[in-house]
Amino acid sequence: MPTNLAEPSTREIGDPGPDVADLQLHRQAIWTCYKEVRRTTEALCAPLEIEDYVIQSMPDASPAKWHLAHTSWFFETFVLASGQPGMQPVDSEYAYLFNSYYNAVGERIARDRRGVLSRPTVAEVFRYRAAVDERMKDFLDQAGDPEFERVRSTLILGLHHEQQHQELILTDIKHALASNPLRPAYRESQTEAAMPAEAGAPGWIPFAGSLRSIGHEAASFAFDNEGPRHQEYVAAFALADRLVTNLEYLAFIEDGGYERPEYWFSDGWYARGRNGWTAPLYWESTGGGRQVFTLAGMQGLELDEPVCHVSYYEADAFARWAAARLPTEAEWETSAMALGVPMEGNFLESGRFHPACLMATHGPAPRSSPAQLFGDVWEWTQSPYTPYRGFRPAAGALGEYNGKFMCNQLILRGGSCGTPRSHVRPTYRNFFPPEARWQFSGIRLARDV
Ligand SMILES: [Fe+2]
């Protein structure tokens, strides 16, 4: 029944609130989550100068202004318009500008042309967000139960969708700022140095071969691509108990890793040559040694930090050089589940926005549980992004959310320093083309036993 929503109190990023993954959230809790997610998105944009909002530094990256508008368009289109047939949009031209890829919704500006959108202005986009927020509050206040129930799951999907774009805001603005010869910082580092541990040699955690279940089945939220839960035979393997570090990756470089085709897939070898890769994205060599661009500006390369911003091709070449391989997604997921690895780590809420050194709390190798499995960097797997057995995309436009991308991409697992903690799960399947390097992507090794 219609209800009067109370305004949630203002909280800091990361403060606990209603669980965004709870599919049975009541209206007040949904409104609280909605406000929190929307506020976090805007807080991530707060350090930006007005000029930063419009930059599109490459076709894969979108301007921050576009992310702000697109996430609003998602709620307006899939929640408000479908919950209230006949509703007039805030601006009838915005669908063309801010539809990302939904063919069922209509034509749209090309992805690589989002940077030409000097209008609507940043101020107009913020007004658009505010107008959508107002309409969302009115809808949640006034909708009857049948109307509300009809869009409840889409509304929760919209919250997770906006969280995905929060990470993209960080990775896209990082690429834009790194493209500027001045290498401006997004903001100064706001975290204190933690107690790092010596990485030491990695340990290997063995797993016996067995028939294992993977995929999402719980009553909580998951994207459709995480199911159906099904069985796969996973042969005996071992998983590295920590991530690959910059020091180890540097040894690969210094051993001629980028000049030795025997370590590379053919596609990767040509991508390396075509793009002039000699090191991970954002690494720079200066007279003073190796530096790396971070969201806090240029910094000296920390050798014990996890290597980050590598493509699948580089991750695989490193693994071959190291006489190991990348894990499959079934190995990764069943390891996390079998060991009950807590979903704790360096996520967006830390405010660090950069992978961290192994912490002393993880203890020395060999560890009984893999360190940094969640957070810090997305871990490339060798698994292609394909549908699980029995997967069927949803009917209608939202069936385009995941299913149509299940070709020519690889799975990454575990979340990163740019991922909201409540966004990730052991079953979460992130996916990017093998050449992509601008996400917080890193390496965990596996090997046959
Ligand atoms: Fe989107």
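A. Spatial organisation of the overall build of the protein. When you go through the protein residue by residue, the secondary structure sums to nine helices and twelve strands. Compactness check: the protein gives a C-alpha radius of gyration of 22 Å against a globular reference of 22 Å for 449 residues, within 12% of the reference. Evaluated residue by residue, the protein yields a buried proportion of 55% over its 449 residues. Here the contacts in the protein between residues at least 6 apart in sequence split such that 80% fall between residues at least 24 apart. Across the protein, the mean location of the 41 positive side-chain charges is 3 Å away from that of the 57 negative side-chain charges.

B. The sheet that holds strand E4 (residues 237-240), seen in detail. Sheet architecture is open: three strands sit in the order E1-E4-E12, paired in antiparallel fashion. Every interior strand has two partners, whereas the edge strands, strand E1 (204-207) and strand E12 (446-448), have only one. With direction set aside, neighbouring strand axes in the sheet form an average angle of 25°. In this structure, E1 lies alongside E4, joined through four bridges in antiparallel fashion. Of the residues in E4, the one forming a bridge with Phe207 is Phe237.

C. Layout of the pattern of salt bridges. Across all of its chains, the model carries 27 salt bridges by this definition. Residue Glu305 pairs with Arg352 through a salt bridge whose shortest N-O separation is 3.3 Å. Separated by 47 residues along the polypeptide, Glu305 in the loop between strand E7 (297-300) and helix H8 (312-321) and Arg352 in the loop between helix H9 (329-339) and strand E8 (378-384) bring together distant segments of the chain. Owing to a relative accessible area of 28%, Arg352 belongs among the partly exposed residues under this scheme. The partner of Asp448 in a salt bridge is Arg325, with the nearest N and O atoms 2.8 Å apart.

D. Spotlight on empty space enclosed by the protein. Under the counting rule described, the total for this entry stands at three cavities of 30 Å³ or more. The space that makes up the largest cavity amounts to roughly 80 Å³. As for the largest cavity, its lining consists of 14 residues, and the residues nearest its centre are Trp283, Val292, Cys308, His309 and His354. By residue class, the composition of the lining of the largest cavity is nine nonpolar, three polar and two charged.

E. Just the confidence of the model for the protein, in detail. Within the protein, residue pLDDT values average 93, and 95% of them lie at 70 or more. Predicted confidence is poor over residues 10-14, with pLDDT under 50, and the contacts of this stretch with residues over four places away or in other chains come to 16 contacts.

F. The arrangement of unusual backbone geometry in detail. For the bond from Arg119 to Pro120, the omega torsion is 0°, close enough to zero to count as cis. Within the element layout of this structure, Pro120 appears in the loop between helix H3 (94-98) and helix H4 (122-142). Although it is not a glycine, Arg183 adopts a positive phi angle of roughly 45°. Its place among the elements puts Arg183 in the loop between helix H5 (145-178) and E1.

G. Spatial organisation of the coordination of the iron ion. Note on the iron ion: its protein donors are His70 (NE2), His161 (NE2) and His165 (NE2). The metal-donor distances range over 2.1 to 2.2 Å. Counting along the primary sequence, the residues that act as donors to the iron ion give the motif H-x90-H-x3-H. Taken together, the residues span a long stretch of sequence, with His70 in helix H2 (residues 64-83) and His161 in helix H5 at a distance of 91 residues. His161 matches His70 in its accessibility class, with the two residues each being buried.

H. Seen up close, the packing of aromatic side chains. Evaluation of the coordinates by the stated rule reveals 39 aromatic pairs. Over the ring of Phe148 we find Arg27, and its NZ or CZ is 4.7 Å from the ring centre.

I. Main features of the environment of Cys33. Inspection of the secondary structure assignment puts Cys33 in helix H1 (residues 27-45). If sequence neighbours within four positions are ignored, Cys33 has contacts with Pro18, Asp19, Val20, Leu25 and Leu159.

J. Structural view of the packing of H1 against H5. Close contact between H1 and H5 brings their axes to 10 Å; oriented N to C, the two are set at 20°. By the angle class used here, H1 and H5 are roughly parallel. Crossing of H1 against H5: the hand is left-handed. Contact with H1, carried on its side by Arg27, Ile30, Cys33, Tyr34, Val37, Arg38, Thr40, Thr41, Leu44 and Cys45, involves Asp145, Phe148, Arg152, Leu155, Ile156, Leu159, Glu162, Gln163, Gln166, Ile169 and Leu170 of H5 and no other residues of that element. Its residues placed into classes, the contact of H1 with H5 shows twelve nonpolar, four polar and five charged.

K. Structural view of the nonpolar core. The biggest cluster of nonpolar side chains holds 121 residues, and the ones touching the most others in it are Phe98, Met136, Tyr186, Tyr249, Trp283, Trp380 and Ile443. The biggest single contributor to this core is H5, with twelve residues. Ignoring any residue separated from it by four or fewer positions in sequence, one finds Phe98 in contact with Trp66, Ala69, His70, Trp73, Leu117, Pro120, Val125 and Tyr128. Phe391, Met406, Ile411 and Phe431 belong to the second-largest nonpolar core, a separate cluster that totals five residues.

L. Molecular detail of the packing of helix H6 (residues 246-254) against H8. Between H6 and H8, the least distance of the axes is 11 Å, while the angle of their chain directions is 80°. Relative to H8, the element H6 is oriented roughly perpendicular. Together, Glu248, Tyr249, Ala251 and Phe252 of H6 and Glu314, Ala317, Phe318 and Trp321 of H8 make up the contact between the two elements. Grouping the amino acids of the contact of H6 with H8 by side-chain chemistry returns six nonpolar, no polar and two charged.

Criteria and cut-off values
Residues numbered from 1 in each chain as written. Predicted model: local features only at pLDDT ≥ 70, side-chain atom pairs only at ≥ 80, totals over all residues. Heavy atoms only, no water. Helix = DSSP H or I, 4+ residues; strand = E, 2+ residues; numbered from the N terminus. Rg over C-alpha atoms; globule rule 2.2 N^0.38 Å. Buried < 20%, exposed > 50% of the residue type's maximum accessible area, 1.4 Å probe, protein only. Contact = heavy atoms within 4.5 Å. Lys, Arg positive; Asp, Glu negative; His and termini not counted. Charge placed at Lys NZ, Arg CZ, Asp CG, Glu CD. Pairing = 2+ DSSP bridges. Axes fitted to C-alpha atoms, helices over the stretch in contact; angles between N-to-C directions. Salt bridge = Lys/Arg side-chain N within 4 Å of Asp/Glu carboxyl O. 1 Å grid on protein atoms, 1.4 Å probe; cavity = no way out; pocket = protein on both sides within 12 Å on 5 of 7 lines; lining within 4 Å. Points joined across faces, edges and corners; volume = space filled by probe spheres on them. Nonpolar A, V, L, I, M, F, W, Y, C, P; charged D, E, K, R; others polar. pLDDT = per-residue confidence, 0-100. Donors = N, O, S within 2.8 Å, 3.2 Å for Na, K, Ca; no water. Phe/Tyr/Trp six-rings, centres within 6.5 Å; stacked < 30°, edge-to-face > 60°. Lys NZ or Arg CZ within 6 Å of the ring centre and 35° of its normal. Parallel < 35°, antiparallel > 145°, perpendicular 65-115°, else oblique. Left-handed = near helix turned anticlockwise from the far one by under 90°. Core = buried A, V, L, I, M, F, W, Y, C linked by side-chain atoms within 4.5 Å.

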